[in-house]
Amino acid sequence: MKTIIDDHVGNLASLTYLSAAEDRTAAIETADIILSWNPPKEFADNEYALMKKARLMQLLSAGADHVPFKLFPETLVVAGNVGAYAQPMAEHVMAMTLALAKNLREGHKKLAAGNFDQFSMNRSLHGATCAVLGFGGIGKATASLMRAFGVRILAVNTSGKTDEEVDFIGTTKDLEYALSHADIVVISMPLSRSTKGLIGERELTWMKPDAILVNVARGEIIDERAFYEYLKSHPEFKAGIDAWWVEPFRHGRFEMHYPFLNLPNVLGSPHNSGMVPEALAEATREAVENVKRFMAGESVKGVFRREEYLF
């Protein structure tokens, strides 16, 4: 990643890596642009006030819910690496969806116990309907893979518009329609003030009793207690959970308040859906290209509205 940064912007700007800076304070104070992966882990709280000269913080990560906007100078623009991890995350969605639809874990356990259960039914994706909540890079990449399996797409985004091939496009005002008609629900939207707790007890009851829900976004978009109770009381409803409510990247630890992984209808992964070497390299390239656009006076992709992330 350092090589990519050096090669792409090393001839356009003076680069300082904080880990090697002789004067850390001076490096932060004189920076016009800051490239960061996880600001809370890379900066002390009192260092954000030093960023008065900085005009852009470009994140290597896609989301911004971990960024302490309240500590930032108001003049600092923060841009996320939107869509940079879309393809591997879409593949992860498909892997979880197929594993749950085909009962792969249950079949493996039965075989291991000597039970050759050849005639238990599993589900085909062909002809199913998938509601994609958050139709940005990840949502679009997921829809493309789903369509290859003959799945209809109901898309939900902030504008209610898209140029993509979908069977329905709406906003969160159309959430009941999308959820009630979906066999598969994929959550790929950012966590913000408007999406926190979007899926609660009421929204879960809108879904089909045998629906599959896959979350590769952020755990807090779903009410944790309501989700656990619903999964526990509806064994035909299945969930693939890649994004958890308390995670090391954002909270410094992994913590579950309910034993999701003890439920037979839950498949979990450690929020690693985008952790593919090629994707990390491509994400770095995307980030530095955004930096170059900013340096050239062009519009920057993925700028976050500060007020949406002041939790």
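This is a predicted model, so every value here is computed, not measured.

Quick look at the packing of aromatic side chains
Next up, step 1: Here the structure, examined in full by the defined rule, presents 15 aromatic pairs.
Next up, step 2: By way of ring pairs, the aromatic residues Phe227, Tyr228, Trp244, Trp245, Phe254, Tyr258 and Phe260 are connected into one cluster.

A look at a negative patch on the surface
Next up, step 1: On the surface, Asp163, Glu164, Glu165 and Asp167 cluster together to form a negatively charged patch.
Next up, step 2: Here Glu165 shows up in the loop between β5 (152-156) and β6 (168-170).

Considerations on the side chain of Asn38
Next up, step 1: Within the secondary structure layout, Asn38 lies in the loop between β1 (33-36) and α3 (39-42).
Next up, step 2: A distance of 2.8 Å separates a polar atom in the side chain of Asn38 from the backbone oxygen of Phe249.

Brief notes about the pattern of salt bridges
Note on pairing: side chains with opposite charge can pair once their charged atoms come close.
Next up, step 1: Taken as a whole and assessed by the stated rule, the structure comprises 15 salt bridges.
Next up, step 2: In this structure, Asp65 and Arg218 form a salt bridge, with 2.8 Å as the shortest nitrogen-oxygen distance. Pair noted here: Asp65 is in the loop between β2 (56-59) and β3 (77-79) and Arg218 is in the loop between β8 (212-215) and α9 (224-233), with a separation of 153 residues, a long-range link. Taken individually, Asp65 and Arg218 each receive the classification buried, so the pair is uniform in this respect.
Next up, step 3: Of the charged contacts in the structure, one is a salt bridge between Arg250 and Asp65, with a shortest N-O distance of 3.0 Å. Taken together, the residues span a long stretch of sequence, with Arg250 in helix α10 (residues 248-251) and Asp65 in the loop between β2 and β3 at a distance of 185 residues. Both residues of the pair, Arg250 and Asp65, count as buried.
Next up, step 4: One salt-bridge network, held together by shared partners, links Asp65, Arg218, Glu220 and Arg250.

Regarding the pairing of strand β9 (residues 238-241)
Next up, step 1: Neither face of β9 is exposed, since Lys238 and Gly240 on one face and Ala239 and Ile241 on the opposite face are all buried.
Next up, step 2: Of the strand pairs in this sheet, β8 and β9 are connected by four bridges, and their pairing is parallel. By the bridge assignment, Asn215 is partnered in β9 with Ile241.
Next up, step 3: Where β9 lies against strand β10 (residues 266-268), three bridges are found, and the strand directions are parallel. From the neighbouring strand, Ala239 faces β10, where its bridge partner is Val266.

So, the layout of surface pockets
Next up, step 1: Its volume calculated, the second largest pocket comes out at about 860 Å³.
Next up, step 2: Looking at the second largest pocket, it is lined by 27 residues, and the ones nearest its centre are Leu15, Thr16, Ile33, Ile34 and Leu35.
Next up, step 3: Those elements giving two or more residues to the lining of the second largest pocket turn out to be α1 (2-9), α2 (24-30), β1 and α11 (277-295).
Next up, step 4: Here the lining of the second largest pocket gets four residues from one element, more than from any other, and that element is β1.
Next up, step 5: Of the residues assigned to the lining of the second largest pocket, the class counts are 19 nonpolar, five polar and three charged.

Here we look at the packing of α1 against α11
Next up, step 1: Two elements in contact, α1 and α11, have axes separated by 9 Å at closest approach and are oriented at 30 degrees. The angle between α1 and α11 places the two elements in the roughly parallel class. Note on packing geometry: the crossing formed by α1 with α11 is right-handed. Facing Ile4, Ile5, His8 and Val9 of α1, the residues of α11 in contact are Ala281, Thr284, Arg285, Val288, Glu289, Val291 and Lys292.

Side note on the sheet that holds β3
Next up, step 1: Strand order across the open sheet formed by three strands is β1-β2-β3, with parallel pairing between neighbours. The open sheet is flanked by β1 and β3, the only strands paired with a single partner. Averaged over all pairs of adjacent strands, the angle between strand axes in this sheet comes to 15 degrees, irrespective of strand direction.
Next up, step 2: Sheet topology places β2 next to β3; three bridges connect them, and they run parallel. Bridge pairing in β3 links Leu56 to Val77.

Some details on unusual backbone geometry
Next up, step 1: Even without a glycine there, the phi angle at Asn103 is positive, about 55 degrees.
Next up, step 2: One can find Asn103 in the loop between α4 (86-101) and α5 (104-112).
Next up, step 3: For His271, which is not glycine, the phi torsion reads 45 degrees and is therefore positive.
Next up, step 4: Topologically, His271 is positioned in the loop between β10 and α11.

Criteria and cut-off values
Residues numbered from 1 in each chain as written. Predicted model: local features only at pLDDT ≥ 70, side-chain atom pairs only at ≥ 80, totals over all residues. Heavy atoms only, no water. Phe/Tyr/Trp six-rings, centres within 6.5 Å; stacked < 30°, edge-to-face > 60°. Patch = residues over 30% accessible without salt bridge, like charges linked within 9 Å, V, L, I, M, F, W, Y side chains within 5 Å. Areas by Shrake-Rupley, 256 points an atom, 1.4 Å probe, with all protein chains shown as cover. Salt bridge = Lys/Arg side-chain N within 4 Å of Asp/Glu carboxyl O. Lys, Arg positive; Asp, Glu negative; His and termini not counted. Charge placed at Lys NZ, Arg CZ, Asp CG, Glu CD. Helix = DSSP H or I, 4+ residues; strand = E, 2+ residues; numbered from the N terminus. Polar contact = N/O pair within 3.5 Å; in protein donor to acceptor, adjacent residues only side chain to side chain. Buried < 20%, exposed > 50% of the residue type's maximum accessible area, 1.4 Å probe, protein only. Pairing = 2+ DSSP bridges. 1 Å grid on protein atoms, 1.4 Å probe; cavity = no way out; pocket = protein on both sides within 12 Å on 5 of 7 lines; lining within 4 Å. Points joined across faces, edges and corners; volume = space filled by probe spheres on them. Nonpolar A, V, L, I, M, F, W, Y, C, P; charged D, E, K, R; others polar. Axes fitted to C-alpha atoms, helices over the stretch in contact; angles between N-to-C directions. Parallel < 35°, antiparallel > 145°, perpendicular 65-115°, else oblique. Left-handed = near helix turned anticlockwise from the far one by under 90°. Contact = heavy atoms within 4.5 Å.

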